[in-house]
Amino acid sequence: MATAYSKSKIETFKNCPRQYKFQYIERAVVEKPVSVENFLGSAVHYALEKLYNFKMNTRLLSKEELLELYRKYWETPEKDKIKVTREGLGVDDYIRVGSEALAQYYDKNAPFEDGTSVALEKKITFPLDPEGRFTISGVIDRICRRHDGVTEIIDYKTNVSLPTQQTLDNDTQMGLYQLGVKYLWPDFKEIQVRQVFLRHGVSLTAVMNDDKLEEIRYRAFQDILEIEKVRRDDAFPPHESPLCDWCVYYELCPAKRHRLSLDDDLGVEFDKEAGKELAQKYLELSRKKKILEAELEAMKDDIFKFCEQADITTLVSALGSVKITVSEKEAFPTKTDDERAFYDLALLARQAGLEECFKLDSGILYKEFYAREKLPEDLKRKLEKFLIKKVQKSIRTSIKKEVPDIDFGE
Ligand code: SF4
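Residues numbered from 1 in each chain as written. Predicted model: local features only at pLDDT ≥ 70, side-chain atom pairs only at ≥ 80, totals over all residues. Heavy atoms only, no water.

Student: Report on the pattern of salt bridges, specifying residues and quantitative values.
Tutor: Inspection of every chain in the model, using the stated rule, returns 28 salt bridges. Here Glu152 ties to Arg194 by a salt bridge, and the two come within 2.9 Å at their closest N and O atoms. Of this pair, Glu152 sits in strand 6 (residues 151–157) while Arg194 sits in strand 7 (residues 191–197), and the two are 42 residues apart along the sequence. The exposure class of Arg194 is buried, given its relative accessible area of 16%. (Salt bridge = Lys/Arg side-chain N within 4 Å of Asp/Glu carboxyl O. Helix = DSSP H or I, 4+ residues; strand = E, 2+ residues; numbered from the N terminus. Buried < 20%, exposed > 50% of the residue type's maximum accessible area, 1.4 Å probe, protein only.)

Student: Please set out the domain arrangement of the chain residue by residue, giving values where relevant.
Tutor: Here the chain is described as being made up of domain 1 (1–24 + 114–243), domain 2 (33–111) and domain 3 (304–399). Between domain 1 and domain 3, the C-alpha centre-to-centre distance is 35 Å. With eleven residues of domain 1 in contact, the opposing surface of domain 3 contributes nine residues. Approximately 990 Å² of surface area, both sides summed, lies buried where domain 1 meets domain 3, with 58% of it carried by carbon and sulfur atoms. (Domains from an automatic or database assignment. Contact = heavy atoms within 4.5 Å. Buried area = accessible area lost by both parts, 1.4 Å probe.)

Student: Describe the site of the ligand, naming the residues involved and giving the relevant values.
Tutor: Taken together, the residues surrounding the ligand are Cys16, Gln19, Phe22, Pro238, His239, Glu240, Cys244, Cys247, Tyr250, Cys253 and Lys256. When grouped by side-chain class, the residues that make up the shell around the ligand number seven nonpolar, two polar and two charged. (Near = heavy atom within 4 Å. Nonpolar A, V, L, I, M, F, W, Y, C, P; charged D, E, K, R; others polar.)

Student: Which residues make up helix 4 (residues 63–74), and what values do they have?
Tutor: Over its twelve residues, helix 4 runs 17 Å from end to end, which matches the ideal 16 Å to within 8%, given 1.5 Å per residue. Its buried side turned inward, helix 4 meets helix 3 (36–56), strand 3 (82–83) and helix 5 (91–109). (Expected span 1.5 Å × (residues − 1).)

Student: Tell me about the side chain of Arg217, and name the residues and values.
Tutor: When you line up the elements, Arg217 lands in helix 8 (residues 210–233). Here Glu214 takes part through its side chain, which lies 3.3 Å from a polar atom of the side chain of Arg217. In contact with Arg217, not counting residues within four places along its chain, are Pro127, Leu128, Leu179 and Arg350. (Polar contact = N/O pair within 3.5 Å; in protein donor to acceptor, adjacent residues only side chain to side chain.)

Student: Any details on helix 11 (residues 339–351)? Residues and values, ideally.
Tutor: Over its 13 residues, helix 11 extends 18 Å from the first C-alpha to the last, a length consistent with the 18 Å expected when each residue adds 1.5 Å. For helix 11, the complete set of buried residues consists of Ala341, Phe342, Tyr343, Leu345, Ala346, Leu347, Leu348, Ala349 and Arg350. Where helix 11 starts, the residue carrying a side-chain oxygen 3.2 Å from the main-chain nitrogen of Ala341 turns out to be Asp338.

Student: I'd like to hear about the packing of helix 4 against helix 5, residue by residue, with values.
Tutor: Two numbers describe how helix 4 lies on helix 5: the axes approach to 10 Å, and their chain directions differ by 155 degrees. Looking at the two axes, helix 4 sits roughly antiparallel to helix 5. Considering the relative orientation of helix 4 and helix 5, their crossing is right-handed. Between helix 4 and helix 5, the residues in contact are Lys63, Leu66, Leu67, Tyr70, Arg71 and Trp74 and Val91, Tyr94, Ile95, Gly98, Ser99, Leu102, Ala103, Tyr106 and Asp107, respectively. Its residues assigned to classes, the contact of helix 4 with helix 5 comprises ten nonpolar, two polar and three charged. (Axes fitted to C-alpha atoms, helices over the stretch in contact; angles between N-to-C directions. Parallel < 35°, antiparallel > 145°, perpendicular 65-115°, else oblique. Left-handed = near helix turned anticlockwise from the far one by under 90°.)

Student: So what's going on with the nonpolar core? Which residues, and what values?
Tutor: Grouped together as the largest cluster of nonpolar side chains are 36 residues, with contacts concentrated most on Tyr5, Ile136 and Leu176. Looking at this core, the elements with two or more residues in it are helix 1 (7–15), helix 2 (17–25), strand 4 (115–127), strand 5 (134–146), helix 7 (172–184), strand 7, strand 8 (202–206) and helix 8. Ignoring anything within four residues of it in the chain, the contact list for Tyr5 reads Ile10, Tyr20, Phe134, Thr135, Ile136, Ser137, Ile224, Ile227 and Glu228. Of all hydrophobic cores here, the second largest spans 30 residues; its members include Val36, Tyr70, Ala101 and Ala103. (Core = buried A, V, L, I, M, F, W, Y, C linked by side-chain atoms within 4.5 Å.)

Student: Describe the pairing of strand 10 (residues 320–331), naming the residues involved and giving the relevant values.
Tutor: In terms of strand pairing, strand 9 (residues 314–316) meets strand 10 through three bridges, oriented antiparallel. The residue of strand 10 that forms the bridge with Leu315 is Val322. Between the end of strand 9 and the start of strand 10, which pair antiparallel, lie three residues. (Pairing = 2+ DSSP bridges.)

Student: Go over unusual backbone geometry with me, naming the residues and quoting the values.
Tutor: Following Ala110, the chain continues to Pro111 via a peptide bond in cis, the omega torsion being 10 degrees. Here the phi dihedral of Glu121 falls at roughly 40 degrees; this positive angle occurs in a residue that is not glycine. Considering the arrangement of structural elements, one finds Glu121 in strand 4.

Pasting the structure below:
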């Protein structure tokens, strides 16, 4: 059976694998406060769904009816639990913002004759890979068949800020929606994705050709392979970041428990003071190590320069010897060398059915397949254009067994 993923599931993993485990594997039960931004989004989506639902059934809601539906959505017992984090703002400010955005949308688009709604709040699921090992699910706000025959995937946003066109054209979620609609409705030939930024009264259309969609599919596939690997090893490390401040699993998190126990005098089952001492000692040693490593790194350049000028490869002292080597090697580019070339190479490797080895290391693609002549000639020729030259410099030291004491200082 296929394993189901969604953009938010993948995103959670990328932000913090431990949070992913709490949420999707352990399903830890914690209190989840509702953020006012999320509630505003739900309220606006609810009102627009009703508006287009009535329209599909040939009744046009008036602006007052639309706003009344929106206001009613806020009248929920949950209202008191809604969390507002922005200083100086309250829930009523957000209610007003949503109301103004909807009124503006209504004025601009009534009587809503842009096309025929095919689906509203549509849950889609489609296979991500040809073997159907993984599926992607998502909910599309509205799918509309425009009068010019174009199918529009419409996504309503209540964000404060607008993305750039470039960000939108690379948006994974929009790409996955498009792939999903292409799969579910193969007869829809021309598909566009439009995001409606309600606060701004602005619509932006994402431009994604087939290559871009394949790149998005490939990236999602690679992310999922990574999750599956971590899942097999059951190794979900916490990844601390500013997002921790909003994490509902904060108090359960192994990265936070020691800190919490020291700050809040919590009763814990470990010796928190011993932990503090270990951390202190380790950090002091690490600091010294860093200083020494920086000094070594700086010395390397001097050593290479000295050896080049003197045309020698080995320096000697009372402690032992320092040997340098300089060579050039062929390699495929890594993501850090050249991101664009890396993705082009990734696509090519995928087309050749080599994506799993590529995911491990582009070096493996080179060493195990290319250099060992294991690939068909035409693929080899295509890969050749990716080859780059890398200069490798290394230093090996050999220290005599009997050496005088070294003073590291403080
Ligand atoms: S508190 Fe931070 S590190 Fe811990 S699970 Fe949450 S996001 Fe991850």
